[in-house]
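Here is what each chain is made of, one letter per residue.
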Amino acid sequence: MSRDIREAKQKLPLPTLMYRLGLGEHAKKSARCPFHDDAQNSFSVWQNNGAWFWKCFVGCGKGDEINFLESHKSISRSDATKLFLEMAGVNGCAPDPTKQNETSSNSAFNWHACVEAVNEKHLERLANWRAYSVELCLWLKENGLVGLYNDCIAFPVHDRAGNVVAVHYRLKDGSWRYYPKGAKVRPLLIGELVAGEPVQAFESQWDGFDYMDKSGERNGIIITRSANNGRLVADVIPERAKLFVWPQNDEPGEKWAKDVCAHVKCSVKRVKIPAPYKDLNDWARTGATAEFACAKGRGAMCPRFRQAGPVVRTSTGMGVN
C-alpha cells in the first residue's frame, strides 16, 4: 500500500467516507445494502487491526474505502483511488473548484467521530433530560443524527446531496453554534419526504424528537433549528404535501408559523400546544400523552390528541387561519 493511500485512510476512514457520501446510515456492522434493494440486512462495515472493510453478503462487492468508491461511483480502481486521495486532501490533491465550499466544510471535522463519541451514559442522560425513550436516543445515534462536538451535544447539517457539511452544537450555557463558522443553515430532515404524504415541521429538534418518540414515526420530519428559519422549508417541502406545523407558544413561534405558511403552496394544519406549556417537549415532559392516528397511504403519523387542549387549524398557501 502506498504512503499516500495509508495517509488517506487515516484521514478519511470508511465510516467517515460513507457519511460524507450521505450513506452514514449504512456504516455499521449490520445494515441494508446501499447498492441494491435490500429486503433485510445484508451489508456490514467493520474494523480489523486498524483498517476498515465492507461487504455485501448478497454479492454487490467488498473491500476497503477505494473499493467502496468504485462501487458507489461505478468507476475504475485508478479513478476511485484518485478520487479518494482528493477527498482526503492527500498528496497535494485539491478538491474540484466547483465543490470547494462543500468539500472544505466536510473535511473541517469528523462527524463520524462525533457520533462514535456518544456512549450509553450520554444517551441515558439525553433521555432523562428530555423525557425521551432510550430506544429513540439509540436510534438517533445509529442513524448518525446525534453526536458530541467539543463535549457538547451536536446534530449534523447536511447539504442538498445529503452529505454532512457542518455541525450544530449546544454550548453549556444553552446557546447554539455552528461549525465551521459561516456554515449555511439548513433544516434537519429525518426520513423520506414524499409528495402527497404528511410532513411534520418543527422549530426545535427537541419537539421533533418528542413527536418521533411518541408517534413512532421516522419519516417526513423537518426541523428548522430556529424560529427564524421558517422560510427554509420552501426548498424541501415536496409537492402536494400535507404539512403539519408545530409552533411553540411564544411570539417567535407565531412568526415561525407564518413564515412557514408564507413559503409553501400546500395544505397546512397548525397544531396548537395547550397553555401554559411552552412547546411540545415541555408538555410531554409533564407526563401528558397524545394519540397518533395513521394517515392513509404509507402509514405516516398525523396528530390526534387525547386531551381537549390542542386545536388543529387548517390553512392553504399563504398565512395561518
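To be clear, the structure that these remarks concern was listed above.
Residues numbered from 1 in each chain as written. Predicted model: local features only at pLDDT ≥ 70, side-chain atom pairs only at ≥ 80, totals over all residues. Heavy atoms only, no water.

Peer 1: Please explain the sheet that holds strand β3 (residues 61-63) as it appears in this structure.
Peer 2: Backbone hydrogen bonds are what pair the strands of a sheet, in a parallel or an antiparallel way. An order of β1-β2-β3 is seen for the 3 strands of this open sheet, with the pairing classed as antiparallel. With partners counted over all chains shown, the strands left at the sheet margins are β1 (43-48) and β3, one partner each. On average, each strand axis in the sheet is inclined to that of its neighbour by 15°, with strand direction left out of account. Alignment of β1 against strand β2 (residues 51-56), held across 6 bridges, turns out to be antiparallel. Bridge pairing links Q47 to W52 in β2. Contacting β1, β2 and β3, helix α3 (residues 65-73) runs over the sheet at an angle of about 35° to β2. (Pairing = 2+ DSSP bridges. Helix = DSSP H or I, 4+ residues; strand = E, 2+ residues; numbered from the N terminus. Axes fitted to C-alpha atoms, helices over the stretch in contact; angles between N-to-C directions. Contact = heavy atoms within 4.5 Å.)

Peer 1: In this structure, what is going on with the environment of L21? I would like to understand it.
Peer 2: On the secondary structure map, L21 appears in the loop between α2 (14-20) and β1. Given a relative accessible area of 13%, L21 falls into the buried group. Residues L21 and G162, spaced 141 residues apart in sequence, show a C-alpha to C-alpha distance of 7.2 Å. Residues contacting L21, with those up to four places away along its chain left out, are F68, L69, H72, K73, M87 and N163. (Buried < 20%, exposed > 50% of the residue type's maximum accessible area, 1.4 Å probe, protein only.)

Peer 1: Help me understand the nonpolar core, please; the structure alone is not making it clear to me.
Peer 2: For soluble globular proteins, nonpolar side chains are generally found buried alongside one another. In terms of nonpolar packing, the biggest core is built from 34 residues, with L14, L17, M18, F43, F68 and W111 touching the most fellow members. For this core, the element with the highest residue contribution is helix α4 (residues 77-88), accounting for 5 residues. For L14, the residues in contact, after removing those within four places along its chain, are V45, W52, F53, W54, E65 and F68. In this structure, C137, I153, F244 and L280 belong to the second largest nonpolar core, which totals 28 residues. (Core = buried A, V, L, I, M, F, W, Y, C linked by side-chain atoms within 4.5 Å.)

Peer 1: Please explain the pattern of salt bridges as it appears in this structure.
Peer 2: Note on pairing: side chains with opposite charge can pair once their charged atoms come close. With the rule as written, the count across this model stands at 9 salt bridges. Across the pair R77 and D64 runs a salt bridge whose closest N-O atoms are separated by 3.7 Å. You can see R77 sitting in helix α4 and its partner D64 sitting in the loop between β3 and α3, a full 13 residues away along the chain. One salt bridge connects K214 with D210, and the closest N-O pair in it is separated by 2.3 Å. Remark: D210 and K214 occur in helix α9 (residues 205-215); sequence separation between them is 4 residues, near one turn of the helix. On the basis of relative accessibility, which here comes to 36%, the residue K214 falls in the partly exposed class. (Salt bridge = Lys/Arg side-chain N within 4 Å of Asp/Glu carboxyl O.)

Interpretation note: all reported values are geometric properties and have no functional meaning in isolation.
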